[in-house]
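Close look at the chain arrangement
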Amino acid sequence: MKAAIYPGTFDPPTLGHLNIIQRAASKFDKLVIAIGENPSKVSPSFSLEERVQFLKAITIDIPNIEIVAFKGLLVDFAKSRKIDIIIRAIRTILDFENETLQAQMNRQLGDVETFYLVVDEKCRLISSTLVREIASYGKRLFGFVPPEIEEAVFQRLFSGKNEN
Ligand code: COA
């Protein structure tokens, strides 16, 4: 059975993430969506539990998916699951440079390969950061996050801002 890991912060998951999940899941027997910590980012806006629930809601129709959280290095998680392929999305040349550094390091540390999927043209401008920013100004998120979670993501981000 050929399995791959799609790691990310997913804070929150977007249509861009979902597009990659659908495409990767169709090419592997199993796709493990792994929610990790990106040390170069500030604390996530959504709790781990919320992100797990969002990912479950948007992947309900995809049978060969598992959603898990991991702590520590991605290569250690991959080794613990005996999976040696990581999937990452490339939007721009900047992503390519950043991802290549991580891919080289992951190969050196854990002998895992990174497969890049070039993002769908319609998702090129989407990022979790932009989603958080747009909602904080009261704009709805249709076209940026999957419809199943739009209401929950919007309400959390918009009301969260109003409470402060
Ligand atoms: N379309 C549009 N946008 C996309 C996308 C797609 N298909 N796929 C990802 N993105 C965006 C996300 O929205 C996100 O936007 P943001 O930067 O505004 O938040 C960005 O691209 C990348 O985020 P995401 O894919 O959610 O994850 P990440 O890059 O934050 O995740 C980890 C990084 C968790 C995989 C990485 O930090 C890691 O491996 N951590 C564990 C520690 C480790 O092993 N470190 C050593 C690495 S060498």
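In what follows, the structure referred to is the one given above.
Residues numbered from 1 in each chain as written. Predicted model: local features only at pLDDT ≥ 70, side-chain atom pairs only at ≥ 80, totals over all residues. Heavy atoms only, no water.

A word on the site of the ligand. In the vicinity of the ligand lie 28 residues, with Thr-9, Gly-16, Lys-41, Arg-88 and Thr-129 positioned nearest. One of the side-chain N or O atoms of Thr-9 is found 2.5 Å from an oxygen atom in the ligand. Ser-127 places a side-chain nitrogen or oxygen 3.4 Å from an oxygen atom of the ligand. Contact with the protein chains hides 88% of the accessible area of the ligand, taken as 960 Å² for the molecule alone. Breaking the shell around the ligand down by element, the ones donating at least two residues are β1 (3-8), α1 (15-25), β4 (85-90), α4 (93-110) and α5 (128-136). (Near = heavy atom within 4 Å. Polar contact = N/O pair within 3.5 Å; in protein donor to acceptor, adjacent residues only side chain to side chain. Areas by Shrake-Rupley, 256 points an atom, 1.4 Å probe, with all protein chains shown as cover. Helix = DSSP H or I, 4+ residues; strand = E, 2+ residues; numbered from the N terminus.)

Another aspect to go through is the packing of aromatic side chains. Considering all chains together, one arrives at 6 aromatic pairs under this definition. Ring geometry for Phe-96 against Tyr-116: centres 5.7 Å apart, planes inclined by 75°, an arrangement best described as edge-to-face. Highlighted residues: Phe-96 in helix α4 and Tyr-116 in strand β5 (residues 113-118), separated in sequence by 20 residues. With relative accessibility at 28%, the residue Tyr-116 sits in the partly exposed group. Here the aromatic rings of Phe-154 and Phe-158 are separated by 5.4 Å at their centres, their planes lie at 25°, and the arrangement is stacked. Remark: Phe-158 and Phe-154 occur in helix α6 (residues 147-163); sequence separation between them is 4 residues, near one turn of the helix. Given the relative accessible area of 29%, Phe-158 is considered partly exposed. Its guanidinium or amino end placed over the ring of Phe-154, Arg-140 lies 4.2 Å from that ring's centre, counting from NZ or CZ. (Phe/Tyr/Trp six-rings, centres within 6.5 Å; stacked < 30°, edge-to-face > 60°. Buried < 20%, exposed > 50% of the residue type's maximum accessible area, 1.4 Å probe, protein only. Lys NZ or Arg CZ within 6 Å of the ring centre and 35° of its normal.)

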